[in-house]
Amino acid sequence: MDAGQLNACLAFVSTQRMVCTTGLLNSKISLSGTLSETDITLGIGLQIAEGSLQWLHGIESGTVGVFLPGEEHEALYMPGSLYLGLTLSRDSLAWEAEQLEVDIDPECLATGHHPQLLQNSLLKMLRVQTAGLHLDGQESLHPAETANLALETLISHLGRDPRQICGVPSMRGLEHVVRRAIDYIDAHANEKISIEELALASGASRRTLHRAFEVILNDTPIKFINRHKLYLIRDLLMAGESATISKSVASVGVTEFGRFSFNYRRMFGETPSETVRQARSIFACA
């Protein structure tokens, strides 16, 4: 490390499925050791100063690294570097990838650097949000929302779209699959719905289910379910003064408030609290 006083800021965010760590380093800092004995760590160099190294290889802004459980990490960060790391289990990573309907490329899940840098527009967005966690008074997403945004970005970067099946079932058959799936979603709107459950209820395989939603609705099952739940929550929040955010969210089987809040704001352009205030003002004037 640099001689003299260490100058760095670390921030930690814990959600139900992962731990997010970010460091803003204004000193030369060397790190070594095991990041986790049991979980996978995914890292992004959000702003990497020239001369920084990992495993004696030069890194730059946009470098994405994978650190498997129990494997050694060696890094030298030069002053002015900003990084973000997400640590989670293999099962949690697989579950999160399924929610995004992305297949993680197995070749990417090995300790080392991904061959491609993170897309520049995504890098800039994450850099701004993450830097805001280190600066007093800086407007940014809620810390858990920043972590979720980073995870979605990393999964998309490491993954690939689900492979499509060969051949196309009849249009009528696909319509029946979609109708049965939507009926099941409506009947179980207050529960967490997995792809396996939805495929079984629609009488189709997972791949046929995906194909049916793609052809008939130009959508995916998970995105449809999540959007359906967001509209249900919004209807409840707009219903009147008695509506509360926690009760409305719980009533449709949503358990991760940080992810919900981020997706809600992304879809409707306002926070759940702003929706409630708007509804109460309408009722007050009525």
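This write-up is about the structure you can find in this document. Please read all numbers here as calculations on a predicted model, not as lab measurements. (Residues numbered from 1 in each chain as written. Predicted model: local features only at pLDDT ≥ 70, side-chain atom pairs only at ≥ 80, totals over all residues. Heavy atoms only, no water.)

Considerations on the pairing of strand E4 (residues 40–47)
(1) Moving on: Within E4, 7 of the 8 residues are buried, leaving the element largely enclosed by the surrounding structure.
(2) Moving on: Where E4 lies against strand E9 (residues 81–88), 7 bridges are found, and the strand directions are antiparallel. Across the sheet, residue Gly43 finds its bridge partner in E9, namely Gly85. (Buried < 20%, exposed > 50% of the residue type's maximum accessible area, 1.4 Å probe, protein only. Helix = DSSP H or I, 4+ residues; strand = E, 2+ residues; numbered from the N terminus. Pairing = 2+ DSSP bridges.)

Observations concerning the packing of helix H2 (residues 120–132) against helix H3 (residues 143–158)
(1) Moving on: Two elements in contact, H2 and H3, have axes whose closest approach is 10 Å; the angle formed by their N-to-C orientations is 160°. In this view, H2 runs roughly antiparallel relative to H3, as classed from their interaxial angle. Like other packed secondary-structure pairs, H2 and H3 cross with a definite hand, here left-handed. Between H2 and H3, the residues in contact are Leu122, Met125, Leu126, Gln129 and Thr130 and Thr146, Leu149, Ala150 and Thr153, respectively.
(2) Moving on: Residues that form the contact of H2 with H3 fall into these classes: 5 nonpolar, 4 polar and no charged. (Axes fitted to C-alpha atoms, helices over the stretch in contact; angles between N-to-C directions. Parallel < 35°, antiparallel > 145°, perpendicular 65-115°, else oblique. Left-handed = near helix turned anticlockwise from the far one by under 90°. Contact = heavy atoms within 4.5 Å. Nonpolar A, V, L, I, M, F, W, Y, C, P; charged D, E, K, R; others polar.)

Quick word on the packing of aromatic side chains
(1) Moving on: By the definition in use, this model includes 6 aromatic pairs.
(2) Moving on: Both rings, one in Trp55 and one in Phe67, keep their centres 5.4 Å apart while their planes meet at 40°; by these two values the pair is tilted. Here Trp55, found in the loop between strand E5 (53–54) and strand E6 (57–58), pairs with Phe67, found in strand E7 (residues 64–67); they are 12 residues apart in sequence, far enough to count as distant.
(3) Moving on: Taken together through their ring pairs, the aromatic side chains of Tyr231, Phe260, Tyr264 and Phe268 make up a single cluster.
(4) Moving on: Sitting over the face of the ring of Trp95, Arg17 holds its NZ or CZ atom 3.5 Å from the ring centroid.
(5) Moving on: Its guanidinium or amino end placed over the ring of Phe268, Arg234 lies 4.6 Å from that ring's centre, counting from NZ or CZ. (Phe/Tyr/Trp six-rings, centres within 6.5 Å; stacked < 30°, edge-to-face > 60°. Lys NZ or Arg CZ within 6 Å of the ring centre and 35° of its normal.)

Any functional reading would require information beyond the geometric quantities listed.
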